[in-house]
Amino acid sequence: KNEVEQSPQNLTAQEGEFITINCSYSVGISALHWLQQHPGGGIVSLFMLSSGKKKHGRLIATINIQEKHSSLHITASHPRDSAVYICAVGLYSGGYQKVTFGTGTKLQVIP
Amino acid sequence: GAGVSQSPSNKVTEKGKDVELRCDPISGHTALYWYRQSLGQGLEFLIYFQGNSAPDKSGLPSDRFSAERTGGSVSTLTIQRTQQEDSAVYLCASSFPRGWVDTGELFFGEGSRLTVL
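Cut-off values and rules
- All residue numbers refer to positions counted from 1 along the written sequence of the respective chain.
- The order in which chains are written sets their letters, starting at A; the order in which ligands are written sets their numbers, starting at 1.
- The model is predicted, so local features are restricted to residues of pLDDT at least 70 and side-chain atom pairs to those at 80 or more, both for listing and for counting; the totals for chains, interfaces and linings are taken over all residues.
- Values shown for side chains rest on all heavy atoms present in the structure; no hydrogens or waters enter the calculation.
- Centres within 6.5 Å are what make two rings of Phe, Tyr or Trp a pair, Trp counting through its six-membered ring; a difference in plane orientation under 30 degrees is then read as stacked, over 60 as edge-to-face, and the rest as tilted.
- Only protein chains enter the area calculation, which uses a 1.4 Å probe; residues under 20% of their type maximum are buried, those over 50% are exposed, and those in between are partly exposed.
- Comment: elements are numbered from the N terminus, with helices defined as DSSP H or I runs of at least four residues and strands as E runs of at least two.
- Any carboxyl oxygen of Asp or Glu that lies within 4 Å of a side-chain nitrogen of Lys or Arg is treated as forming a salt bridge with it.
- Residues are treated as being in contact if the distance between any of their heavy atoms lies within 4.5 Å.
- Computed with a 1.4 Å rolling probe, the buried area is the accessible surface lost when two parts are put together, summed over both parts.
- Any pair of nitrogen or oxygen atoms within 3.5 Å is treated as a polar contact; in protein, a donor-acceptor pairing is required on top of that, and neighbouring residues in sequence qualify only through side-chain atoms on both sides.
- Lys, Arg, Asp and Glu make up the charged group, whereas Ala, Val, Leu, Ile, Met, Phe, Trp, Tyr, Cys and Pro make up the nonpolar group; the residues left over, Gly among them, are polar.

(A) Spotlight on the packing of aromatic side chains. Evaluation of the coordinates by the stated rule reveals five aromatic pairs over all chains. A ring pair is formed by B:Tyr33 and B:Tyr35, whose centres lie 5.8 Å apart and whose planes are at 10°; its orientation type is stacked. On the basis of relative accessibility, which here comes to 1%, the residue B:Tyr35 falls in the buried class. Aromatic pair B:Tyr35 and B:Phe108: ring centres 6.1 Å apart, planes at 35°, arrangement tilted. A residue pair is termed long-range when its members are at least 10 positions apart, and B:Tyr35 in strand 4 (residues 31-37) and B:Phe108 in strand 9 (residues 107-108) qualify at 73 residues. For the pair B:Tyr35 and B:Phe108, one class covers both residues: buried. In this structure an aromatic cluster arises from ring pairing among A:Phe101, B:Tyr33, B:Tyr35, B:Phe45, B:Tyr48 and B:Phe108.

(B) Focus on the pattern of salt bridges. All names here are of chain B. As enumerated under the stated definition, the model contains three salt bridges over all chains in all. Arg36 is the salt-bridge partner of Glu44, the closest N and O atoms lying 3.1 Å from each other. Here Arg64 and Asp86 are joined by a salt bridge, their closest N and O atoms 2.8 Å apart. Taken together, the residues span a long stretch of sequence, with Arg64 in the loop between strand 5 (43-50) and strand 6 (65-69) and Asp86 in the loop between strand 7 (75-79) and strand 8 (88-95) at a distance of 22 residues. The same class applies to Arg64 and to Asp86, which are both buried.

(C) Broad picture of the interface of chain A and chain B. The partner chain B presents 22 residues to the 19 residues of chain A that form the contact. Summing both partners gives a buried area of about 1,700 Å² for chain A against chain B, and 59% of it is carried by carbon and sulfur. In this structure, the connection of chain A to chain B is made through zero salt bridges. Here chain A and chain B share two residue pairs in polar contact (both at pLDDT 80 or more) between them. For the side of chain A that touches chain B, the secondary-structure elements that each account for two or more residues are strand 4 (31-37), strand 5 (43-49), strand 9 (83-93) and strand 10 (96-101) of chain A. Looking at the side of chain A that touches chain B element by element, the count peaks at five residues for strand 10 of chain A. Grouping the constituent residues of the side of chain A that touches chain B by class yields eight nonpolar, ten polar and one charged.

Worth remembering: the numbers are spatial, not functional.
Next comes the structure, spelled out in structure tokens:
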């Protein structure tokens, strides 16, 4: 079993739909990250969470430390949101953060 | 440039050849990571450099893989005697020393896609 599991693996949505991507992890963490990878490979950090909820524009990320679960929500989805969304968990140890990545959720938003 | 720069963007090589992949991090970023992304797999940690400290090489998959970082800036990942299973996208990322811990920001390059025939 992977230490970081994401669901769904693939998601197709109509423009305007509310989208939820889930991440479960099985290890102790210092922080959880959500990243976005566009076609062509560029990866951008979206959020870092250690508790509660964060919001940036139409993106909302939540984390439940007790349940070892995080969700990424996209409100009013748009075709430009089409990308792979990657959950990663980090543990601060030995002077830096060792990070384990999920395999990603491929999102396609259709106009 | 303003971002993390990687070269080459694409490399096709024959099995058994050596390859070198280059990463030029953002100026001032002392932390540098190499990751590998194989088809259908999550990012896999390879090696971490922080300033002048000894690198964490625990993710390198075999002794055919090595990396160095000269002058605390540019890094080169070298794969000797390449095998087909080495085919992947090799991603470099950089940050300030505690960037991922304090600010959640890690800056990735566009990656080098390696294909071993």
